[in-house]
Amino acid sequence: MEAYKREFIDFMMEVGVLTFGDFTTKSGRKTPYFVNTGLYRSGSQLERLGEFYANAIQASVGTDFDVLFGPAYKGIPLVVTTAMALSRRGHDAAFCFNRKEAKDHGEGGVLVGHKLSAGERVLIIEDVTTAGTSIRETVPVLKAAAEIQLAGLVVSVDRGEKGTGTKSALAEVGDEFAMPTFSIVNVHEIREHVDLGADDDARMQAYLDQYGAE
Ligand SMILES: O=P(O)(O)OC[C@H]1O[C@H](OP(=O)(O)OP(=O)(O)O)[C@H](O)[C@@H]1O
Ligand SMILES: O=C(O)c1cc(=O)[nH]c(=O)[nH]1
């Protein structure tokens, strides 16, 4: 595993974003670990996080996109810090994010930031993908705004779980929307790097036996 992946896992644990215990996912799965990116809470943490996303983007997507998009809510600080990190590296990409509730006064609308236009290649910056619901809700919002092209999806953690079939949800949404998908780390790398102890490791194994993708 590359050094930046180990550093990223350590960083998530130091901040308390990656924890082990009893949680329930949006899709109703009882999970022994959770990634709560809502716990990044200082400028320095966000700055480091943006650098990790920028590393993953430069290593996978390169510069082949026009706009970064962050799905509400937790995608909002993620897209802002990623745009700032890329700009520090000389790539000043546009960014936008959505409101969960449409606004009917003032400027109105659902999207905030860069105004999307036809042909633009949009890279989605998300926290995690579990069953793929959030991405299936996000893509229509983008397509309703303009005839954009999807440049890809980058998540901080690929939970490696089944979507509607046996494939991983991340691979499934990639196929469904004809876009490449990437993660900074995946659940198997987390398991390899973190010394979980026998009980947590057994719980993790049981969870992945039930929900893990092929
Ligand atoms: O792949 P899925 O099964 O959709 O699960 C992952 C999504 O679930 C959470 O979103 P949530 O709706 O809780 O959003 P928020 O906290 O960012 O508002 C998380 O932030 C991911 O976006
Ligand atoms: O599936 C989810 O709801 C989910 C999983 C996770 O690890 N983190 C998160 O914010 N949501």
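Scroll up to find the structure this text is about.
Note that this is a predicted model, so its numbers are computed, not measured.

(A) Spotlight on the packing of helix H1 (residues 3–15) against helix H2 (residues 43–60). With their axes 11 Å apart at the nearest point, H1 and H2 run at an angle of 150° to one another. Classed by the angle they form, the pair H1 and H2 counts as roughly antiparallel. Once H1 is placed against H2, the crossing between them reads as left-handed. On H2, the residues touching Tyr4, Glu7, Phe8, Phe11, Glu14 and Val15 of H1 are Gln45, Arg48, Leu49, Phe52 and Asn55. A per-class count over the contact of H1 with H2 returns six nonpolar, two polar and three charged.

(B) Molecular detail of unusual backbone geometry. Cis geometry is adopted by the peptide bond preceding Tyr73, which originates at Ala72 and carries an omega value of -10°. Mapped onto the secondary structure, Tyr73 falls in the loop between strand S3 (67–70) and helix H3 (75–88). Phi at Ala178 is positive, roughly 50°, even though this residue is not glycine. Tracing the backbone through its elements, the reader meets Ala178 in the loop between helix H5 (169–176) and strand S8 (181–186).

(C) Geometry of the site of ligand 2. Thr25, Lys26, Phe34, Val35, Lys74, Asp127, Val128, Thr130 and Arg159 make up every residue found near ligand 2. A distance of 2.8 Å separates an oxygen atom of ligand 2 from a polar atom in the backbone of Lys26. One of the backbone N or O atoms of Val35 is found 2.6 Å from a nitrogen atom in ligand 2. Taking 290 Å² as the accessible area of ligand 2 by itself, protein coverage stands at 90%. Contributions of two or more residues to the shell around ligand 2 are made by strand S2 (30–35) and strand S6 (121–129).

Thresholds applied
- Residues numbered from 1 in each chain as written.
- Chains lettered and ligands numbered in written order.
- Predicted model: local features only at pLDDT ≥ 70, side-chain atom pairs only at ≥ 80, totals over all residues.
- Heavy atoms only, no water.
- Axes fitted to C-alpha atoms, helices over the stretch in contact; angles between N-to-C directions.
- Helix = DSSP H or I, 4+ residues; strand = E, 2+ residues; numbered from the N terminus.
- Parallel < 35°, antiparallel > 145°, perpendicular 65-115°, else oblique.
- Left-handed = near helix turned anticlockwise from the far one by under 90°.
- Contact = heavy atoms within 4.5 Å.
- Nonpolar A, V, L, I, M, F, W, Y, C, P; charged D, E, K, R; others polar.
- Near = heavy atom within 4 Å.
- Polar contact = N/O pair within 3.5 Å; in protein donor to acceptor, adjacent residues only side chain to side chain.
- Areas by Shrake-Rupley, 256 points an atom, 1.4 Å probe, with all protein chains shown as cover.

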